[in-house]
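# Analysis of the macromolecular model
The primary structure of each chain is shown beneath.
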2 protein chains.
Amino acid sequence: MVMNEFELIEQLIRGFGDLTKADFIATGPGDDAAVVNLPDDQQLVVSTDTLVPDVHFPAEARGDLVGFRSVAINVSDLAAMGATPLGMTVAMTIDSLASDWIQQFAHGIAVAAREFNVKILGGNLARGPLNITVTIQGSVPNGKALLRSQAQIGDDIWLTGTLGATRAFLDERTNPQSSIETLLSRQDTCAVARYFLPHPRVEFASKIRDVVHGAIDVSDGLASELAHLTKASQCGASISLNGLPVWRGLNTMDVVGPDDSYEVLFTANEGDRPQILELALLTYTPVVIIGEVVADQNVSYTLDGESVIPQTGFDHFA
Amino acid sequence: MVMNEFELIEQLIRGFGDLTKADFIATGPGDDAAVVNLPDDQQLVVSTDTLVPDVHFPAEARGDLVGFRSVAINVSDLAAMGATPLGMTVAMTIDSLASDWIQQFAHGIAVAAREFNVKILGGNLARGPLNITVTIQGSVPNGKALLRSQAQIGDDIWLTGTLGATRAFLDERTNPQSSIETLLSRQDTCAVARYFLPHPRVEFASKIRDVVHGAIDVSDGLASELAHLTKASQCGASISLNGLPVWRGLNTMDVVGPDDSYEVLFTANEGDRPQILELALLTYTPVVIIGEVVADQNVSYTLDGESVIPQTGFDHFA
């Protein structure tokens, strides 16, 4: 049976079940807008990200994997702010409703929503070339958001996780036919799994809120994001790439440029190292110090004692 | 000069100026996410709408007109909830940055943001077929949102404004080359102006919050939206089309079906007529009573004493 737009939307909302319900949701999907209660003394944190086939995912990718990825990259922006996800809207244009792809996609959205504890507030469905825009809302206690503009001279520069899984995946160019459930258990070892199912550091980032100065999502590549952070903080950075955790099989210089790893780059006082390491252990988050914030408004990189210049970030229109 | 993505984003944010600043905005565009303070005892209202060329606007339309329309149709969803706009994110995919169209589009966004007093919280820019998704955040006092599920049997059914401007515009199929400023003064008389520059009833809707029972945005056409409202409220409606305000040159039956007029349909107790009419006068809002909420879960229409059956709403995929 081919459903019309309204029937499909109703079926999807029904399928999402408790993912559309929470104490903070006064009115969920199905009205002109969703109505949300915010807890006292919290600030709302809002971000949006669009995914287009063959730019943000291979056009032939399974719907469930694309669905998960669409949510995860938005969650990643909240993680980089130290915010806790609350809800999201999912706007999608697609050529036809008569495809299993939408059902798979909705399943991926649901798996990610459960994984990151983010509720589904609503969405939009219209005809057009495939395009997915997720807009996410989260919260932080008043004044506690992690900003890219707050790095301080002398700070350690920290990075979570490993860079290069995207590059490894794009090099392989495999088209995974595995289900989301199969891939979810392989995020640490399988580039395909890591590419489609990034796992933003939400819990860790919220726990380090009190000690972090500057923070940014590493979604366009380390060099690009570090340039954004130092520019916003009116400072520079001195980076040693020797300790950089690199996806197996890749070279360091391969992963410093364009690479969407959805890890968090953050800066903090040297005196807070013990606390950060303890919170990293507690939340199973690999972290490493890759350099220092400096006064000179320039970012310098060294590898094996030599000065190197990485390729800068991904420009969609380059 | 052709700018890259980041330069263009910076230039756009700079151009938006005070439209990115407000007491409630702790962090605006430029970080991983925006941070928003909500006033006490308010609920957050969230909605999203996508626009695709040749579905939601003619592909050849000027960027400023499309920009205004993108904001207005989102504001309309808030109006139908009785909410006051706070901020929005604008996500856009486009084939090339090297076009005046984006600058025009940003101007249209800015004019609408000023018109509806909604601030710009952030956005996303990526390469792809033209697609615009605006996600809007507003607020209502706790428990005061106007819901489509709250119509009560015996209620008057009210409608703001006039239906049919979209139909009139699509019949004309003119491609306006007038600037947004020229068209803004012609919304009441010119179908093109009304199509591109809808003027949601934000102020009126927020003022009638205490007396309205059920409410819905008439963005898919009267018959379709009335079906949604009665379904959500588990009731029916008896509608007399004789008093329906119709765009000049059109017939009543032309405008009851698919038509995106961005007016508000709402229901209220008969005893509240004087108050509603007074608030309508105060806010220069044309209103009319078009029928009554009935217990029988069916919507019946009469015109000149005869029973009529309108075409139902717009299905993007039909």
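All figures in this text were calculated on a predicted structure; none of them were measured in a lab.

## Details of the pattern of salt bridges
- In total, this model carries 26 salt bridges over all chains according to the counting rule given.
- Ionic pairing is found between Arg273 of chain A and Asp156 of chain A, a salt bridge with its closest N-O pair at 2.6 Å. Placement of Arg273 of chain A in helix 10 (residues 273-282) and of Asp156 of chain A in strand 7 (residues 156-160) is noted, with a sequence separation of 117 residues between them.
- Of the charged contacts, one joins Asp171 of chain B and Arg167 of chain B as a salt bridge, the two residues approaching to 3.6 Å between their closest N and O atoms.

## Considering the pairing of strand 5 (residues 119-127) of chain B
Residue and element names in this part refer to chain B.
- Within strand 5, seven of the nine residues are buried, which leaves the element mostly enclosed by the surrounding structure.
- As paired elements, strand 4 (residues 84-94) and strand 5 share eight bridges and run parallel to each other. The partner of Val90 across the bridge, within strand 5, is Gly123.

## Let's talk about unusual backbone geometry
All names here are of chain A.
- Although it is not a glycine, Gln234 adopts a positive phi angle of roughly 50°.
- The exposed category is assigned to Gln234, whose relative accessible area is 59%.
- Even without a glycine there, the phi angle at Tyr284 is positive, about 55°.
- Relative to the helices and strands, Tyr284 resides in the loop between helix 10 and strand 11 (287-294).

## Let's talk about the interface of chain B and chain A
- With 68 residues of chain B in contact, the opposing surface of chain A contributes 68 residues.
- Buried area between chain B and chain A, both sides added, is near 5100 Å², and the carbon and sulfur share of it is 55%.
- Put simply, chain B and chain A have six salt bridges between them.
- Its salt-bridge partner being Asp32 of chain A, residue Arg148 of chain B comes within 3.2 Å of it at the nearest N-O pair.
- At the boundary of chain B and chain A, one finds 20 residue pairs in polar contact (both at pLDDT 80 or more).

## Points about the environment of Thr162 of chain A
- With respect to the helices and strands, the residue Thr162 of chain A is situated in the loop between strand 7 and helix 4 (165-172).
- For the pair formed by Thr162 of chain A and Leu146 of chain A, sequence separation is 16 residues and the distance between their alpha carbons is 21 Å.

## Some words on the pairing of strand 7 (residues 156-160) of chain B
All names here are of chain B.
- Strand 7 sits mainly inside the fold: five of its five residues count as buried.
- Taking every second residue as pointing to the same face, both faces of strand 7 are buried, with Asp156, Trp158 and Thr160 on one and Ile157 and Leu159 on the other.
- Of the strand pairs in this sheet, strand 7 and strand 10 (residues 263-268) are connected by four bridges, and their pairing is antiparallel. Within the sheet, the bridge partner assigned to Leu159 lies in strand 10 and is Leu265.

## Quick notes on the packing of helix 1 (residues 5-16) of chain A against helix 3 (residues 100-116) of chain A
Residue and element names in this part refer to chain A.
- Relative orientation of the contacting elements helix 1 and helix 3 amounts to 30°, with a least axis distance of 11 Å. The pairing of helix 1 with helix 3 is recorded here as roughly parallel in orientation. Note on packing geometry: the crossing formed by helix 1 with helix 3 is right-handed. Residue-level inspection shows Leu8, Gln11, Leu12 and Phe16 of helix 1 in contact with helix 3, the latter providing Ile102, Gln103, Ala106, Ile109 and Ala110.
- Within the contact of helix 1 with helix 3, the residues separate by chemical class into seven nonpolar, two polar and no charged.

## So, the side chain of Asn124 of chain B
- Among the secondary structure elements, Asn124 of chain B is positioned in strand 5.
- Judged by its relative accessible area of 18%, Asn124 of chain B is buried.
- In this structure Asn124 of chain B touches Thr48, Asp49 and Thr50 of chain A together with Val90, Ala91 and Met92 of chain B, once residues within four positions along its chain are discounted.

## Side note on the packing of aromatic side chains
Residues and elements named next belong to chain A.
- Per the counting criterion, the structure on display carries 14 aromatic pairs over all chains.
- Ring pairing ties together the aromatic residues Trp158, Phe204 and Phe266, which thus form one cluster.
- For Arg69, the ring lying beneath its charged end belongs to Tyr195, and the centroid distance is 4.0 Å.

## A few points about the relation of the copies chain B and chain A
- When chain B is brought onto chain A, the operation consists of a screw motion whose angular component is 180° and whose axial shift is 0.0 Å, with 0.0 Å RMSD remaining. Here the copies are linked by what is in effect a two-fold axis.
- A symmetric contact is evident, with 100% of the interface residues of chain B recurring at the interface of chain A.

## What about the confidence of the model for chain A?
All names here are of chain A.
- Model confidence for chain A is summarised by a mean pLDDT of 90, while 97% of its residues fall at 70 or above.
- Element-level mean pLDDT values for chain A span from 82 in helix 1 up to 98 in strand 11.
- With pTM at 0.91, the complex prediction returns an ipTM value of 0.89.

## Section: the packing of helix 2 (residues 63-79) of chain B against helix 3 (residues 100-116) of chain B
Residues and elements named next belong to chain B.
- Two elements in contact, helix 2 and helix 3, have axes whose closest approach is 6 Å; the angle formed by their N-to-C orientations is 40°. Compared by their axis directions, helix 2 and helix 3 come out oblique. Both helix 2 and helix 3 take part in a crossing whose hand is right-handed. Residues Gly63, Asp64, Val66, Gly67, Phe68, Ser70, Val71, Ala72 and Val75 of helix 2 pack against Trp101, Gln104, Phe105, His107, Gly108, Ile109, Val111, Ala112, Glu115 and Phe116 of helix 3.
- Its residues assigned to classes, the contact of helix 2 with helix 3 shows 11 nonpolar, six polar and two charged.

How each quantity is defined
- Residues numbered from 1 in each chain as written.
- Chains lettered and ligands numbered in written order.
- Predicted model: local features only at pLDDT ≥ 70, side-chain atom pairs only at ≥ 80, totals over all residues.
- Heavy atoms only, no water.
- Salt bridge = Lys/Arg side-chain N within 4 Å of Asp/Glu carboxyl O.
- Helix = DSSP H or I, 4+ residues; strand = E, 2+ residues; numbered from the N terminus.
- Buried < 20%, exposed > 50% of the residue type's maximum accessible area, 1.4 Å probe, protein only.
- Pairing = 2+ DSSP bridges.
- Contact = heavy atoms within 4.5 Å.
- Buried area = accessible area lost by both parts, 1.4 Å probe.
- Polar contact = N/O pair within 3.5 Å; in protein donor to acceptor, adjacent residues only side chain to side chain.
- Axes fitted to C-alpha atoms, helices over the stretch in contact; angles between N-to-C directions.
- Parallel < 35°, antiparallel > 145°, perpendicular 65-115°, else oblique.
- Left-handed = near helix turned anticlockwise from the far one by under 90°.
- Nonpolar A, V, L, I, M, F, W, Y, C, P; charged D, E, K, R; others polar.
- Phe/Tyr/Trp six-rings, centres within 6.5 Å; stacked < 30°, edge-to-face > 60°.
- Lys NZ or Arg CZ within 6 Å of the ring centre and 35° of its normal.
- Least-squares fit on C-alpha atoms with pLDDT ≥ 70 in both.
- pLDDT = per-residue confidence, 0-100.

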